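# Fold and contact review
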Amino acid sequence: MSWKWILMLVTCLLLSASVAAQEDENELEEPSKEDGKFFPKLLSHIFDILSFRKVVAELKVGKTSPTMCFVCKFGIALLQHFVETDKPQEEIAHIAYTICSTLKLDSDRVCAGIINLFQDEMMYIFKRTTLGPQEVCGVLMGNECSRISSPLHNWTVPLTPFPKPPVQRVLEPLKEAPVIRVLHLSDTHLDPYYMEGANADCKELMCCRIADGPAPTPAQAAGRWGDYRNCDTPLRTLEHMLRHITSKHKVRKES
């Protein structure tokens, strides 16, 4: 499905959702652009039509489905339309925040933070990319969503003109050969804002932080040395690990 067909379908959905939103007199009596509740209400009807809440659940577990692919293409087509029509970046960011907040992709605080962090990079990419919604979603979600037809996606790195040297058998070192000890630290995921006792079940991308506040129950409290839920590593755990390495794995000089 091309982006033009997607936009046409979205237009129909917008019209039907707009009618449904205006007919809902209990929650929205006089919808207007000045009414701050109208756009979220309109989005809510659109999301119901497109089963967006099902999509959110699939997104969080990394599942790819036809609905998820359609939503991806719809979102990319809409974003590219905004960019092509020179809609101000502030307006695009506000729409993205409204969608994130209304869909409950995360808390309002996280939605605002992520959009503020990455809006410049996203605008830079979409102002320069030659890929359409189908290709973009194929790159993001794999061939299950859309096969990439753009020649720009398949590229090779030119290698040196010199031929590959012959493979030589590697001999095992002698028993008396010197030994090198290597300490490899990777992906420590240090969180300087980790707080013992903070809410580890905060329903956000990252928990166990000072901003999450005290846990409502002991079972939801972040542990002293870390937590297996959506939390990174406290500083004390990293420091204790380094002290343990220093004291228990010293390099002894040969006499």
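Residues numbered from 1 in each chain as written. Predicted model: local features only at pLDDT ≥ 70, side-chain atom pairs only at ≥ 80, totals over all residues. Heavy atoms only, no water.

### Comments concerning the packing of aromatic side chains
With the rule as written, the count across this model stands at zero aromatic pairs. A cation over an aromatic ring shows up here: Arg 224 above the ring of Trp 225, its NZ or CZ 5.3 Å from the ring centre. (Phe/Tyr/Trp six-rings, centres within 6.5 Å; stacked < 30°, edge-to-face > 60°. Lys NZ or Arg CZ within 6 Å of the ring centre and 35° of its normal.)

### Some thoughts on the state of the cysteines
Per the stated rule, a full pass over the model turns up three disulfides. A sulfur-sulfur separation of 2.0 Å characterises the disulfide bridge that pairs Cys 202 with Cys 207. Looking down the S-S bond of the Cys 202 and Cys 207 bridge, the torsion is -85°, so its handedness is left-handed. Across this residue pair, the class does not change: Cys 202 and Cys 207 are buried. (Disulfide = S-S within 2.5 Å. Buried < 20%, exposed > 50% of the residue type's maximum accessible area, 1.4 Å probe, protein only.)

### Let's talk about the side chain of Gln 80
Along the chain, Gln 80 falls in helix H4 (residues 66–84). Looking at Gln 80, the relative accessible area reads 10%, which means it is buried. At 3.0 Å, the side chain of Gln 80 forms a polar contact with the backbone oxygen of Leu 131. (Helix = DSSP H or I, 4+ residues; strand = E, 2+ residues; numbered from the N terminus. Polar contact = N/O pair within 3.5 Å; in protein donor to acceptor, adjacent residues only side chain to side chain.)

### A closer look at the pattern of salt bridges
Summed over the entire model, instances satisfying the criterion amount to eight salt bridges. The partner of Arg 224 in a salt bridge is Glu 196, with the nearest N and O atoms 3.5 Å apart. Linking Arg 224 in the loop between helix H7 (133–141) and helix H8 (235–248) with Glu 196 in the loop between H7 and H8, this pair joins segments that are 28 residues apart in sequence. According to the relative accessible area criterion, Arg 224 is partly exposed, its value standing at 42%. Of the charged contacts in the structure, one is a salt bridge between Asp 201 and Lys 203, with a shortest N-O distance of 3.2 Å. Owing to a relative accessible area of 66%, Lys 203 belongs among the exposed residues under this scheme. Each of the salt bridges in this network shares a partner with another, and the network as a whole consists of Arg 109, Glu 204 and Asp 212. (Salt bridge = Lys/Arg side-chain N within 4 Å of Asp/Glu carboxyl O.)

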